[in-house]
Every structure is written in C-alpha cells, then in structure tokens.
Amino acid sequence: MTSTLQPALARAQRRPGRWLALSVLVLAVLLVAVDATVLGLATPYISEDLNPSGTQLLWIGDVYSFVIAGLLVSMGSLGDRIGRKRILLGGATAFGVISVLNAYASTPETMILARALLGVAGATLMPATLALIRNLFLDPRERSLAVGIWGATASAGTAVGPIVGGFLLEHFWWGSVFLINLPVMVVLVLVGVRTLPESRNPNPGPWDLISVVLSLVGMVAIVYAVKEAAAHGFTWSAAATGVLGAAALYGFVRRQLTLPVPLLDMRLFRRRGFSGAVLADLLTVLGMSGLVFFLSQYLQLVQGRRPFEAGLAELPAAVGAVVAGMVAGAAARRFSVRAVVSGGLAAVGLALAALTLIDRSTGYPLIGTALLVVGVGAGLSFTVTADVILSSVPKEQAGAASAVSETAYELGAALGIALLGSIVTGVYRGFRGPAGTPAAAHESLGGAVEAASAMPTATGQALVSSAREAFVDGLTLATGAGAAVLLATAVASWFLLRGQRLESVS
C-alpha cells in the first residue's frame, strides 16, 4: 500500500469498536436473510389461507425483489449523501414495522403490497452495511474477514430462518414468521445508535430525483416484462413494458454520463474485475433461484415433511456457505480470485445437475450432500465477488458500488423466480388430474392438496399423486436449466476475472 494510506490504516486498526460495529451490521443482514427464507416455508400456508392464483403466488415471491432491485442504487447513493448510519437505522425501523403488515395480510393483494413496501425498506439495508464495512476496515485482510463474516451471517440467516420459521409454523399461524423480524430490529437500532460511526461522501452533490425514477421504472418494467413473457409467452403488453423499461434504463445511463455528480458513476463498469464480479453474482443467483424458491414446497408438499423438519433439511447449504465464507478471502489470496470464484460456481452447477435426478421418494443423503456443495460453492463465490466490488472503488463511492452488487443479486433472484419459476409452474399446470379436478388445483401444488381434502379419498389421492409428479418434473427441469447457467457462468468468470487480485497490505 502507499504511504499515504498508512496513517488512516493505523487509526482504523486502533479503533477497537469496529468489530462491535460489525456485529450490528450483520444483524441487518440477518434481518433480510431470515425474511427471505421464511417466505419459502410459509408459502404453502399462505397459499391455503389466502388462496392466491399461481400468478399472484409468484408475485408474492418476487415483488420484494422487483422493488428492491429498482431502488438499491438510489438508496445506496442516498446513504452516501445523507449518511449510511442514518439510512441503515431508519430502514431497519421501517423494515420491522412493515413486517407487521406482512404478518396480518388478509388477501393476496394486501400481501403483494406488503412485500413491495418491505422491498422499499430492504433497499436501504444491504448497501449501507457493505459501505460501512468498506469504511470501517481499511486493512484489506481485515476487510476480507469482515466481508466473510457478513456473508456467513447472511448464510446463517438462511439456516436460522427455516428452523425458527418451521417451529413457528408448527405452533402458530403463518404470519408469525414475519414477526421474528421485530426483536432483531429492536436490538439493531438500540445498539447501532451507540456503536456505528457515521460516514458519508464529503462531496456528494445533489440527489437526482429524475435518476431515481428512471432507475425504478426501468428495473421494474424490464423484470415484469421478462416475467410475463416467461409465464404467458409473447404479448404486446409485455413487449411494450419491456421497451418502456429499456428506454428508462437507457435514459438513466445517459443522464449519469452527463451529470456532474451522478447517482451512479458508470465508469465503474469499465473495470473488468468490477463488471465481472457483478455479472457473476447476477447469473449465479438467477441459476439458483428455482431451487431456492421451490425446495421448501418440495420437502413439505411432495415428501410430506413438517415445516421444522423441512427447515432442518435445508441446513447443509447454510453450513457450507458459512464455512466457505470465512475462508474465501484467504483462499483467493493463496490461489487466485478467478480460481475460487469459478471453482465455486462449477461446484454449484454440478450439485444442481445432481438434483435433476430427484423424484418423489429420493432419500435425504443425495439432497443433503447436494445442498452442502451448493452452500460451499456459493459461499466462496459471493464472498470473493463482494470483496472485489468493494476494493474496486474509493470508499466515498462504497454505497453506490455496494448497491450495484446487491442490485445484481436481487435482479438475479427476480429473474430467476420469473424464468425458472415459470418453468415449474408451466409444467405443473399441464398435469392431468381425475375427473372433477377444480381449476385451483392447477394453480399451485398447495391448491391441489387443499382441493384433494374436499374430495373422496381415492379421487383425492389420485389428484395429489398427479400434482406431485408434475411438480417434481417441473422442479427437475428448472434445476437442470439452473445447472447450465451456473456452469456457463463459471467459464465466463474464469476469463472475466483474469488477473484480478484482492488487495494485500505490504
């Protein structure tokens, strides 16, 4: 490192409170991760209680990602301007309050609205946490460890969410899984007020509202158009929405290139390491989304596991990700960034390929082993790409850069649920049930189970058997598509991240 960094680095290393501050930041990550995972477990209960259509069920699953993807860049830039601590604590408070609205939603439309509002609050959290890590930890090795802990906590949340959520679903109503956000939010805010340092861009420039609108309209419209085209084929309305989104994003990029102080510095994408890491994150999440969103339904509605048991069954993925995230930075320095990222993604792709072999009675050893490999591969990749993105930019732009990273993640999730989820839904809807099968049974597997309970025993069993078979066929097809995406991304990352290295202190 240059000598000009040494005084600041020495001051950072003498700041003992940075590790306590990190514990507050990872609580925010835990808040978001737990919320994302409990939704999957609660989906069968939401489907039974609120009786959404198949399309509404997909919207409940992906509207959060739509909104958060559209607002992340704007909120990351806002945090750079008004203060990352301020926006983090404000967003955490809103996240907790809106979780109550999710818990007590009484119609599919109310649930979709509540998830959208939660996306607005969630958009403030993730960019602020990574940006504060960038400013708290100037030592690159410490920062790699901090990013590893940050990523490991997100992975731990994917384990805590299903287990706690499963316990709650077995003893309370489905809305209780959203109320577990409240105690986490209270601790985060009370401790964060005292321990987090404030940081912001000293010369931020104005927050451009036109750019905010263009970003939101562009991202939401593009993802919506893809979702509609995947679910219903080409329609003029989907095409028009896609054109609107593309035009808005084009206008956003052009505006950023002309503003003296842009909302997002587009020159960041000229850096091959930055662009490669962002693309890897987007495609990785896209490829994994079909499995992540539908696995809980498979474990519960196909294999008949109780919610708590289903949560425990998903634990190997989180354990693998936690362990891999803690060692990812050291592995990338010992070998290379591209070796760790590409190797991790290839491992995920092969594990997804193995899961295409599952059927209704597949034993847990195959499922658990595949989930463990998925967790290890994803933990290695996501931790290193986050470190690459953070180290590629000045700390004044950490919020905007972190927002780009999280936008790729959320956009990948939304597109993955839209594309791969539509594969599952499309195959499922084509199943042939016994005479008298109601239309609701073709909307979702939960709907079929509910319909079967009101039919004669033999007819109901035939309906559930056909529905489960169709669901598994759709799931394996979507998982195979995800495997192909992951393996292609592993190859692309090998070339895009060539020569990329994590910073080291001399």
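Residues numbered from 1 in each chain as written. Predicted model: local features only at pLDDT ≥ 70, side-chain atom pairs only at ≥ 80, totals over all residues. Heavy atoms only, no water.

Caption draft 1: Summary view of the overall build of the chain. Per the secondary structure count, the chain includes 19 helices and zero strands. Its C-alpha radius of gyration of 22 Å places the chain within 12% of the 23 Å reference for a compact globule of 506 residues. Projected onto its principal axes, the C-alpha positions of the chain cover 80 × 45 × 45 Å. Counting the 506 residues in the chain, one finds 57% classified as buried. Of the roughly 19,200 Å² that the chain leaves accessible, carbon and sulfur atoms contribute 67%. (Helix = DSSP H or I, 4+ residues; strand = E, 2+ residues; numbered from the N terminus. Rg over C-alpha atoms; globule rule 2.2 N^0.38 Å. Buried < 20%, exposed > 50% of the residue type's maximum accessible area, 1.4 Å probe, protein only. Areas by Shrake-Rupley, 256 points an atom, 1.4 Å probe, with all protein chains shown as cover.)

Caption draft 2: Layout of the packing of aromatic side chains. Tallying each qualifying case throughout the model produces three aromatic pairs. Aromatic pair F269 and F274: ring centres 5.4 Å apart, planes at 80 degrees, arrangement edge-to-face. With relative accessibility at 0%, the residue F274 sits in the buried group. A ring pair is formed by F294 and F471, whose centres lie 6.0 Å apart and whose planes are at 65 degrees; its orientation type is edge-to-face. (Phe/Tyr/Trp six-rings, centres within 6.5 Å; stacked < 30°, edge-to-face > 60°.)

Caption draft 3: Layout of the pattern of salt bridges. Enumeration according to the criterion identifies two salt bridges in this entry. A salt bridge links E309 to R305; the shortest N-O distance between them is 3.2 Å. We note a salt bridge from E469 to R360, for which the minimum N-O separation is 3.5 Å. Pair noted here: E469 is in helix α19 (residues 457-496) and R360 is in the loop between α15 (337-355) and α16 (364-391), with a separation of 109 residues, a long-range link. For E469, a relative accessible area of 38% corresponds to the partly exposed category. Since its relative accessible area comes to 29%, R360 is described here as partly exposed. (Salt bridge = Lys/Arg side-chain N within 4 Å of Asp/Glu carboxyl O.)

Caption draft 4: Broad picture of the nonpolar core. Grouped together as the largest cluster of nonpolar side chains are 145 residues, with contacts concentrated most on Y298 and F471. It is helix α2 (residues 17-50) that provides the largest number of residues to this core, a total of 16 residues. (Core = buried A, V, L, I, M, F, W, Y, C linked by side-chain atoms within 4.5 Å.)

Caption draft 5: Quick peek at the packing of helix α12 (residues 272-302) against α19. Where α12 meets α19, the closest approach of the two axes is 9 Å, and the angle between their N-to-C directions is 165 degrees. Compared by their axis directions, α12 and α19 come out roughly antiparallel. Helix-helix and strand crossings are classified by hand; for α12 and α19 the assignment is left-handed. Here the residues of the contact of α12 with α19 are counted per class, giving 16 nonpolar, eight polar and two charged. (Axes fitted to C-alpha atoms, helices over the stretch in contact; angles between N-to-C directions. Parallel < 35°, antiparallel > 145°, perpendicular 65-115°, else oblique. Left-handed = near helix turned anticlockwise from the far one by under 90°. Nonpolar A, V, L, I, M, F, W, Y, C, P; charged D, E, K, R; others polar.)

Caption draft 6: Layout of a nonpolar patch on the surface. A contiguous nonpolar patch, built from V100, Y104, F167, F172 and W173 and spanning about 520 Å² of accessible area, is present on the exposed surface. With respect to the secondary-structure elements, F172 resides in the loop between α7 (140-171) and α8 (176-179). (Patch = residues over 30% accessible without salt bridge, like charges linked within 9 Å, V, L, I, M, F, W, Y side chains within 5 Å.)

Caption draft 7: Structural context of the side chain of Q256. On the secondary structure map, Q256 appears in helix α11 (residues 236-258). The class for Q256 is buried, based on a relative accessible area of 3%. One polar contact links Q256 to S211, side chain to side chain, over a distance of 2.8 Å. Not counting chain neighbours up to four residues away, the residues in contact with Q256 comprise S211, P262, L263, L264 and M266. (Polar contact = N/O pair within 3.5 Å; in protein donor to acceptor, adjacent residues only side chain to side chain. Contact = heavy atoms within 4.5 Å.)

Caption draft 8: Region of the structure containing the packing of helix α4 (residues 84-103) against helix α9 (residues 181-195). At a closest axis distance of 9 Å, the pairing of α4 and α9 adopts a crossing angle of 160 degrees. The angle between α4 and α9 places the two elements in the roughly antiparallel class. Handedness of the crossing formed by α4 with α9: left-handed. On α9, the residues that touch K85, L89, A92, T93, F95, G96, V97, S99 and V100 of α4 are N181, L182, M185, L188, V189, G192 and V193.

Caption draft 9: The environment of I46, seen in detail. Counting through the fold element by element, I46 comes out in helix α2. The exposure class of I46 is buried, given its relative accessible area of 1%. Each C-alpha atom, one on I46 and one on T107, is 9.5 Å from the other, the two residues being 61 residues apart in sequence. Residue contacts for I46: discarding those within four places in its chain leaves L39, N51, P52, I60, M111 and W174.

Caption draft 10: Main features of the environment of R270. Structurally, R270 is set in the loop between α11 and α12. What makes R270 exposed here is its relative accessible area of 67%. Distance from R270 to L350, taken between C-alpha atoms, is 31 Å for residues 80 residues apart in sequence.

Caption draft 11: Examining the side chain of T124 more closely. Locating T124 in the fold gives a position in the loop between α5 (108-122) and α6 (125-136). Only 2.7 Å separates the side chain of T124 from the backbone oxygen of A121, close enough to count as a polar contact.

Caption draft 12: The arrangement of α16 in detail. Under the 1.5 Å per step criterion, the end-to-end length of α16 is 40 Å for 28 residues, consistent within 8% with the ideal 40 Å. Most of α16 sits inside the fold, with 20 of its 28 residues counted as buried. (Expected span 1.5 Å × (residues − 1).)

Caption draft 13: The arrangement of the confidence of the model for the chain in detail. With 90% of its residues at a pLDDT of at least 70, the chain reaches an overall mean of 80. The secondary-structure element of the chain with the lowest mean pLDDT is helix α1 (residues 6-13), recorded at 47, while α15 shows the highest, at 92. Contacts of residues 1-10 to residues separated by more than four positions or lying in other chains number 10 contacts, the stretch itself having pLDDT below 50. (pLDDT = per-residue confidence, 0-100.)

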